[in-house]
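Structural overview
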Amino acid sequence: EAAVIDPGGEAGRILRAIKQKRLKVRYIINTHGHIDHIAANGPVKESTGASILIHAADAPYLVDGRKNLRFYLPEAPGTLPPADRTLHEGDLITVGSIGLLVIHTPGHTPGGICLKADGIIFTGDTLFAGSIGRTDLPGGSYEQLLRSIQEKLLVYPDQTVIYPGHGPRSSLGIERVTNPFLL
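What comes next is a walk through the structure. Not measured: the values here are computed from a predicted model. (Residues numbered from 1 in each chain as written. Predicted model: local features only at pLDDT ≥ 70, side-chain atom pairs only at ≥ 80, totals over all residues. Heavy atoms only, no water.)

1. What about the environment of arginine 66?
Considering the arrangement of structural elements, one finds arginine 66 in the loop between strand S3 (51-55) and strand S4 (85-87). With a relative accessible area of 67%, arginine 66 lands in the exposed category. On a C-alpha basis, the gap between arginine 66 and valine 4 in space is 24 Å, while along the polypeptide they are 62 residues apart. (Helix = DSSP H or I, 4+ residues; strand = E, 2+ residues; numbered from the N terminus. Buried < 20%, exposed > 50% of the residue type's maximum accessible area, 1.4 Å probe, protein only.)

So this is what it looks like as structure tokens:
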């Protein structure tokens, strides 16, 4: 079993990897509703039958081109499928033997989430190596994003590895002492 997190594009490449590894994709999980994280939802869903999951506060982004900033990615499909299930703080998504804990981290968008498994967190556009998500887009809040990071992510051990939605992986320990937004 597998989940695809934030299929923002390159549906063909994603689907080839799924086929090559002989995966049964149960879920497409969106950490938030911006087009660069959802553009390939349709083809991946159509090919795999997976359910689309997103936080309830960002579910409208899936079907509203103004909210999901479709104009930034003109090659994106004009219509995207809606959520099959909405997520909330504390939900547990089970994929095979792995449990992904939903951590609601608003600030980049109202429904931004991170996904925590054993020793790792997929941070979407909440926290990057050396940076944080943008807050100048509609629905963003700098203060809320910093509060989300401080209160919901930095509570985990330094050795927790983060996999951001863009850029290289890092760890909470590294970010705690080097990320200029957290100093």
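2. Regarding the pattern of salt bridges
Scanning the entire structure with this criterion turns up 7 salt bridges. Across the pair glutamate 1 and arginine 26 runs a salt bridge whose closest N-O atoms are separated by 3.3 Å. Linking glutamate 1 in the segment before strand S1 (2-5) with arginine 26 in strand S2 (residues 25-29), this pair joins segments that are 25 residues apart in sequence. The class for arginine 26 is partly exposed, based on a relative accessible area of 31%. Taking the shortest distance from any N to any O, the salt bridge between arginine 134 and aspartate 136 comes out at 2.9 Å. (Salt bridge = Lys/Arg side-chain N within 4 Å of Asp/Glu carboxyl O.)

3. Things to note about the layout of surface pockets
The volume enclosed by the largest pocket comes to roughly 380 Å³. If you trace the largest pocket, you find 16 residues lining it, with Val4, Ile5, Ile14, Ala17 and Ile18 closest to the centre. For the lining of the largest pocket, the secondary structure elements donating two or more residues are S1 and helix H1 (11-20). Of the residues belonging to the lining of the largest pocket, the class tally is 10 nonpolar, 2 polar and 4 charged. (1 Å grid on protein atoms, 1.4 Å probe; cavity = no way out; pocket = protein on both sides within 12 Å on 5 of 7 lines; lining within 4 Å. Points joined across faces, edges and corners; volume = space filled by probe spheres on them. Nonpolar A, V, L, I, M, F, W, Y, C, P; charged D, E, K, R; others polar.)

4. Observations regarding the side chain of threonine 160
When you line up the elements, threonine 160 lands in the loop between helix H4 (142-153) and strand S11 (161-164). In terms of polar contacts, threonine 160 uses its side chain to reach the backbone carbonyl oxygen of proline 157, at 2.8 Å. The contacts of threonine 160, once residues within four sequence positions are left out, are Gly119, Ile120, Ile121, Ser170, Ser171 and Leu172. (Polar contact = N/O pair within 3.5 Å; in protein donor to acceptor, adjacent residues only side chain to side chain. Contact = heavy atoms within 4.5 Å.)

5. Quick notes on the sheet that holds S1
Sheet strands associate in pairs through backbone hydrogen bonding, adopting either a parallel or an antiparallel arrangement. Taken in spatial order, the 4 strands make up an open sheet running S1-S2-S3-S4, and their pairing is parallel. One side of each edge strand has no neighbouring strand; the edge strands of this open sheet are S1 and S4. On average, adjacent strands in this sheet sit at an angle of 30 degrees to one another, irrespective of strand direction. Summarising the sheet, S1 and S2 pair through 4 bridges and their orientation is parallel. (Pairing = 2+ DSSP bridges. Axes fitted to C-alpha atoms, helices over the stretch in contact; angles between N-to-C directions.)

6. Remarks on the side chain of serine 171
Looking at the secondary structure, you find serine 171 in strand S12 (residues 170-171). Leaving out residues up to four positions away in the same chain, serine 171 has contacts with Asp158, Thr160, Val161 and Ile162.

7. Considering empty space enclosed by the protein
With the rule as written, the count across this model stands at 1 cavity of 30 Å³ or more. Of the volumes computed, that of the largest cavity is approximately 30 Å³. Lining the largest cavity are Thr31, His32, His108, Thr109, Gly112, Ile113, Asp125 and Thr126.

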